[in-house]
Amino acid sequence: MASSSSTTRNWRDSLYLAFFFISFASMFLVDLVHFIPHSLWVPPSSPLHFLQQIRNFYTSTYHDLFLLTPWPQQPTFFRLFTILELVYQLPAVAWILRRYFRDGREGAVAGKTGGTTPALELACLVYGVQCALTTLTCIYDCLEWEGELYTWEVKKELIFKLYMPWFLIPLGMSVDMYLRILNRFRGQGEKTLKSQ
């Protein structure tokens, strides 16, 4: 059985927390906007028209073919990834953010700097693997885009400024959380051996 105590928060946890805040905001502001009825965000007089303006800025700046392509014409893998973002990633990020703050408060009460618990580590591990793999798929697809608009300079900016952090941070978080969980099991195993 693994230890259920909280670890001490470190600089990586602060990086993950910032990443999750940015992820949560980008889901609402860019990625999942097309699930909102168009009448609420496309017309200039609509109450959420700022979402259209953000998407326009994003697509004109980075030329992201995934968001420039209407939903029915998007690659099927990308539509699946967007649905996963809606039904898994969005609730997972909300839960993870909530747990970071709850675990932080509980750790502070216990006299620690408020780190992570096994449940949070497991959630971050699963989220990180899923996010890294889906982002890596998008990077790979982006490398295959053709046309005079998609020069290597345009692809490089899209990949390294936008997609790469969404691959590297979750990948690193997954390895970090795996090691934390492994250390909990090892620590519990050592306690069990000493008690025998």
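Residues numbered from 1 in each chain as written. Predicted model: local features only at pLDDT ≥ 70, side-chain atom pairs only at ≥ 80, totals over all residues. Heavy atoms only, no water.

Draft legend 1. Layout of a nonpolar patch on the surface. A contiguous nonpolar surface patch, about 450 Å² in accessible area, is contributed by Leu168, Leu171, Val175, Tyr178 and Leu179. Note on placement: Tyr178 falls in helix α6 (residues 152–195). (Patch = residues over 30% accessible without salt bridge, like charges linked within 9 Å, V, L, I, M, F, W, Y side chains within 5 Å. Areas by Shrake-Rupley, 256 points an atom, 1.4 Å probe, with all protein chains shown as cover. Salt bridge = Lys/Arg side-chain N within 4 Å of Asp/Glu carboxyl O. Helix = DSSP H or I, 4+ residues; strand = E, 2+ residues; numbered from the N terminus.)

Draft legend 2. Fine view of the side chain of Arg180. Tracing the chain through its elements places Arg180 in helix α6. A distance of 3.0 Å separates the side chain of Arg180 from the side chain of Thr116, its partner in a polar contact. (Polar contact = N/O pair within 3.5 Å; in protein donor to acceptor, adjacent residues only side chain to side chain.)

Draft legend 3. Spatial organisation of helix α1 (residues 11–31). Taking 1.5 Å per residue, 21 residues should reach 30 Å; α1 reaches 28 Å between its end C-alpha atoms and fits that length. The largest bend in α1 amounts to roughly 25° and is located at Ala25. Considered for burial, the residues of α1 that qualify are Asp13, Tyr16, Leu17, Phe19, Phe20, Ser23, Ser26, Met27 and Val30. N-capping of α1 is provided by Asn10, with a side-chain oxygen placed 2.8 Å from the backbone N of Arg12. (Expected span 1.5 Å × (residues − 1). Bend = angle between axes of the 7 residues up to and from the residue. Buried < 20%, exposed > 50% of the residue type's maximum accessible area, 1.4 Å probe, protein only.)

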